[in-house]
Amino acid sequence: MKFNIPVTNDNMYFRYLSAINGMLNLSNKETLVLSEFLKYHMEYKDAEVAITPVTRKRVQEKFEMSPYNVNNVVKNLTKKKALMKSEKSLVINPNVIPKTFDGQIFVTFNFVNI
């Protein structure tokens, strides 16, 4: 089965996260914030760039959130393993980063008996 989901550059990562949210169990606000971090990650091709004081500030301004609220969302994303600690900083879990080809995101689900 194949689904084509129409997206724009603005909502591509939000729609991607919404599609896989059954596994992530994110709130709407967590999905918004993580989609913005993914956008920065994909723009710079560097997980270390995605979650910095600068990108947190951008998220705060874009979604009109207080620094406290952004920090709480980041904390929840870390608890849910969407973000993880690296040696130097907090990064996006590589399992959450979408696979892309020619500007399109591809998601494959494999259902395995356990």
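In case you missed it, the structure is sitting above this.
Residues numbered from 1 in each chain as written. Predicted model: local features only at pLDDT ≥ 70, side-chain atom pairs only at ≥ 80, totals over all residues. Heavy atoms only, no water.

## A word on the overall build of the protein chain
In terms of regular secondary structure, the protein chain is built from six helices and four strands. In sequence order, the secondary structure elements of the protein chain are arranged as α-α-α-α-α-α-β-β-β-β. Compactness check: the protein chain gives a C-alpha radius of gyration of 14 Å against a globular reference of 13 Å for 114 residues, within 12% of the reference. Within the protein chain, contacts between residues at least 6 apart in sequence are counted, and of these 52% link residues at least 24 apart. (Helix = DSSP H or I, 4+ residues; strand = E, 2+ residues; numbered from the N terminus. Rg over C-alpha atoms; globule rule 2.2 N^0.38 Å. Contact = heavy atoms within 4.5 Å.)

## Re the environment of Tyr 16
Mapped onto the elements, Tyr 16 comes out in helix 1 (residues 12-19). Judged by its relative accessible area of 8%, Tyr 16 falls in the buried class. Through-space distance from the C-alpha of Tyr 16 to that of Ser 35 is 8.4 Å; in sequence the pair is 19 residues apart. In this structure Tyr 16 touches Leu 38, Val 96, Ile 97, Pro 98, Ile 105 and Val 107, once residues within four positions along its chain are discounted. (Buried < 20%, exposed > 50% of the residue type's maximum accessible area, 1.4 Å probe, protein only.)

## Looking at the packing of aromatic side chains
Each aromatic ring pair is specified by the distance between its two centres and by the angle formed by the two planes. In total, this model carries zero aromatic pairs according to the counting rule given. Across from the ring centre of Tyr 40, 5.3 Å away, lies the NZ or CZ of Arg 58, which sits over that ring. (Phe/Tyr/Trp six-rings, centres within 6.5 Å; stacked < 30°, edge-to-face > 60°. Lys NZ or Arg CZ within 6 Å of the ring centre and 35° of its normal.)

## Considering the pattern of salt bridges
Under the counting rule described, the total for this entry stands at five salt bridges. Of the charged contacts in the structure, one is a salt bridge between Lys 62 and Glu 36, with a shortest N-O distance of 3.1 Å. In this pair, Lys 62 is assigned in helix 5 (residues 53-62) and Glu 36 in helix 3 (residues 28-44), connecting sequence segments 26 residues apart. The buried category is assigned to Glu 36, whose relative accessible area is 6%. (Salt bridge = Lys/Arg side-chain N within 4 Å of Asp/Glu carboxyl O.)

## With respect to the nonpolar core
Counting 26 residues, the largest nonpolar core has Leu 17, Leu 34, Phe 37, Leu 77, Leu 83 and Ile 92 as its most contacted members. Broken down by secondary-structure element, the contributors of at least two residues to this core are helix 1, helix 3, helix 6 (67-79) and strand 2 (90-92). Among the elements that take part in this core, helix 3 stands out by supplying six residues, more than any other. Sequence-distant contacts of Leu 17, that is, excluding residues within four places in its chain, are made with Leu 24, Thr 31, Leu 34, Ser 35, Leu 38 and Val 96. (Core = buried A, V, L, I, M, F, W, Y, C linked by side-chain atoms within 4.5 Å.)

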